[in-house]
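Here's the letter readout for the chains.
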Amino acid sequence: MSDEVKKFKVTIDGQTVEVAPGTSILEAARQIGGQCVPPAMCYYKPLESSGGRCRTCLVEVAKGSEADPRPMPKLVASCRTNVMDGMEVKNLTSERTQEARKGVTELLLINHPLDCPICDQAGECHLQDLGYEHGLESTRTEFPRRTFEPEDIGPYIKLNMNRCILCARCVLAANQLTEEREHGILFRGDHAEISTYLNKALENDFIGNVIDVCPVGALTDRTSRFASRVWFTKPVNATCSCDKCSGKAVLWMKGEEIIRVTARKNQYDEVEEWICNDCRFHKKDLKYWNIEGPRHIDRHSVISLNHYEKPKDYFREIDNPDAKEISSSDENQKGDKII
Ligand code: SF4
Ligand code: SF4
Ligand code: FES
């Protein structure tokens, strides 16, 4: 008897893909790629049990399955709903989905400040993208917004609770990456907020990763706050020798200065390999790093618009004898200089 598991056929916005049973609609859409992939503000594949909180990934299921073709009456969260064989899903092609996403965006922005011009996340912020795609031009609410003072939670991380959308990614990251989680979501409903336990600072070795998983500017890097707008910096892949993590990171550079260090992320802005605090916060000098080459940021936000990706000669000039030869196979390398 064959051990091969029968795959499920699912059609999303008219495109069909075969996926293993147990795959979520969102992951099936990612296998197709392109415009049919719903946005996700709380789901984060590398974090177990993420998703199901923000509702930005709502989709319409027009046909439940081959066995039961009835449509699902309500829109469903695609990150938490598994595919069935023969299922037909509408994302971009569903007016109901687009309307609902507008409503979700309005709700996420209901207490959100107009901070983009001074927010370090601007240019790589999923909420900003959602706002551009689905936001209203003006607010329909008049009541005072919920406000908090920005807070230093530990030596490296700044919390701007005003910008938090309570996606819980940072809590899951701290739970799953560090030995002792020291922050969480306090209270419930519209009183809920992110806070540390009794003034405990976030100092665990891998806690810096909460900055990378935060989809908005609620958690930012204190070592690079306000140093530069992200679109004035150039991301490059670099490695260092580290005994705590893989040492594979992205350096965001301005000239020869390292403005900030982040983990490498995929096209859905999910971290490929977690990095430790040492690499992220304490290695802001090129002497620690071997530069591999430019990082192509595969997202539709402003940071992917810089076509500067041919640093070969430039990197040879950097005074780092260990720097490796750079492969020029990347088709995105355009020939501009990286400064
Ligand atoms: S978190 Fe995003 S939407 Fe909010 S102020 Fe910062 S850049 Fe703007
Ligand atoms: S601080 Fe950021 S990651 Fe944490 S819950 Fe708020 S928005 Fe999500
Ligand atoms: S991404 Fe699915 S509910 Fe948030």
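Here's a quick rundown of the structure. Nothing here was measured: the structure is a model prediction, and the numbers come from that model.

### Examining the pairing of strand E9 (residues 193–196)
And step 1. The pairing of strand E8 (residues 183–186) with E9 spans four bridges and is antiparallel. Residue Ile185 lies in a different strand from E9, and its bridge partner there is Ile194.
And step 2. Between the antiparallel neighbours E8 and E9 lie six residues, among them Phe187 with a positive phi of about 65°.

### Considering the environment of Asn111
And step 1. The residue Asn111 is located in the loop between helix H2 (95–108) and helix H3 (126–134) in this model.
And step 2. With residues near it in sequence (within four places) discarded, Asn111 still touches Arg145 and Arg146.

### Considerations on the environment of Asp221
And step 1. Of note, Asp221 is situated in strand E10 (residues 219–221).
And step 2. Asp221 gets classed as buried once you count the C-beta atoms within 10 Å, which come to 20.
And step 3. A sequence separation of 64 residues divides Asp221 from Ile157, and the C-alpha atoms of the two residues are 5.2 Å apart.
And step 4. Ignoring sequence-local partners within four residues, the contact set of Asp221 consists of Tyr156, Ile211 and Arg260.

### So, the site of ligand 2
And step 1. Looking at ligand 2, there are 14 residues lining it, with Cys164, Cys167, Cys170, Cys214 and Ala218 nearest.
And step 2. Class assignment for the residues of the shell around ligand 2 results in 13 nonpolar, no polar and one charged.

### Digging into the environment of Trp274
And step 1. One can find Trp274 in the loop between strand E13 (257–262) and helix H6 (277–281).
And step 2. Taking the number of C-beta atoms within 10 Å as the measure of exposure, Trp274 has 19 and is therefore partly exposed.
And step 3. Here the alpha-carbon distance between Trp274 and Leu177, two residues 97 residues apart in the chain, equals 8.5 Å.

### Remarks on the sheet that holds strand E11 (residues 234–239)
And step 1. Pairing in this open sheet of four strands is antiparallel, and the strands run E13-E12-E11-E14 from one edge to the other. Every other strand in the sheet has two partners, leaving E13 and strand E14 (290–294) as the edge strands with one partner each. Recorded for the sheet is a direction-independent mean angle of 40° between the axes of neighbouring strands.

Conventions used here
Residues numbered from 1 in each chain as written. Chains lettered and ligands numbered in written order. Predicted model: local features only at pLDDT ≥ 70, side-chain atom pairs only at ≥ 80, totals over all residues. Pairing = 2+ DSSP bridges. Helix = DSSP H or I, 4+ residues; strand = E, 2+ residues; numbered from the N terminus. Contact = placed C-beta atoms within 7 Å. Buried ≥ 20, exposed ≤ 12 C-beta atoms within 10 Å, placed from the backbone. Near = placed C-beta within 6 Å. Nonpolar A, V, L, I, M, F, W, Y, C, P; charged D, E, K, R; others polar. Axes fitted to C-alpha atoms, helices over the stretch in contact; angles between N-to-C directions.

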